[in-house]
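Below, each chain spelled out in residue letters.
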Amino acid sequence: MRRPPAWLPYLGPPLAAGVGAAVGRYGLGGDFWTVLVAALIGGFAPILAYRLWVWRRHRGQ
């Protein structure tokens, strides 16, 4: 099984900014709380994906 990319957790802040901007501009009403929740979910998704990848890798050995 391949190792996860080392840069994957650092993708969170740019992804959070992009998701927040996209939601604010194009969808879901674009109020403050909606943009904040979308940015938090988008920002933590790469970190969660990295941790799940590492967990699955270590569990399989």
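What you see is a predicted model; the values in this text were computed from it and never measured.

Draft legend 1. Molecular detail of helix 1 (residues 12–26). Along its 15 residues, helix 1 runs 21 Å from first to last C-alpha, staying within 8% of the 21 Å computed at 1.5 Å per residue. Among all positions of helix 1, only G12, A16, G20 and V23 are buried. Looking straight down helix 1, one finds that the buried residues subtend no more than 70 degrees of arc, so they occupy a single side. Of the exposed residues in helix 1, those oriented more than 90 degrees away from the buried face are P14, R25 and Y26. Among the structural elements, helix 2 (32–59) are those in contact with the buried residues of helix 1. Looking one or two residues beyond helix 1, the residue adopting positive phi is L28, at roughly 60 degrees.

Draft legend 2. Main features of the packing of aromatic side chains. Per the counting criterion, the structure on display carries one aromatic pair. Arranged with centres 5.0 Å apart and planes meeting at 80 degrees, the rings of F32 and W33 form a pair that is edge-to-face. Relative accessible area serves as the criterion here: at 57%, F32 is assigned to the exposed category. Here W33 falls in the exposed class, since its relative accessible area comes to 59%.

Draft legend 3. Structural detail: a nonpolar patch on the surface. Together, F32, W33, L36, L40, F44 and I47 give the surface a local cluster of nonpolar side chains, amounting to about 660 Å² of exposed area. Following the sequence through the fold, L36 ends up in helix 2. Of the residues examined, L36 reaches a relative accessible area of 33% and is grouped as partly exposed.

Draft legend 4. Here's a closer look at helix 2. Under the 1.5 Å per step criterion, the end-to-end length of helix 2 is 40 Å for 28 residues, consistent within 8% with the ideal 40 Å. Restricting attention to buried positions, one finds in helix 2 the residues A38, A39, G42, G43, P46 and V54.

Draft legend 5. Seen up close, the packing of helix 1 against helix 2. Two numbers describe how helix 1 lies on helix 2: the axes approach to 7 Å, and their chain directions differ by 150 degrees. Of the possible angle classes, the one that applies to helix 1 and helix 2 is roughly antiparallel. Of the two elements, helix 1 crosses helix 2, and the hand of that crossing is right-handed. Residue-level contacts link G12, L15, A16, V19, G20, V23 and G24 of helix 1 to T34, V35, A38, A39, G42, G43 and P46 of helix 2. Here the contact of helix 1 with helix 2 is built from residues that sort into eight nonpolar, six polar and no charged.

The rules behind the values
Residues numbered from 1 in each chain as written. Predicted model: local features only at pLDDT ≥ 70, side-chain atom pairs only at ≥ 80, totals over all residues. Heavy atoms only, no water. Helix = DSSP H or I, 4+ residues; strand = E, 2+ residues; numbered from the N terminus. Expected span 1.5 Å × (residues − 1). Buried < 20%, exposed > 50% of the residue type's maximum accessible area, 1.4 Å probe, protein only. Arc of directions from axis to C-beta. Contact = heavy atoms within 4.5 Å. Phe/Tyr/Trp six-rings, centres within 6.5 Å; stacked < 30°, edge-to-face > 60°. Patch = residues over 30% accessible without salt bridge, like charges linked within 9 Å, V, L, I, M, F, W, Y side chains within 5 Å. Areas by Shrake-Rupley, 256 points an atom, 1.4 Å probe, with all protein chains shown as cover. Salt bridge = Lys/Arg side-chain N within 4 Å of Asp/Glu carboxyl O. Axes fitted to C-alpha atoms, helices over the stretch in contact; angles between N-to-C directions. Parallel < 35°, antiparallel > 145°, perpendicular 65-115°, else oblique. Left-handed = near helix turned anticlockwise from the far one by under 90°. Nonpolar A, V, L, I, M, F, W, Y, C, P; charged D, E, K, R; others polar.

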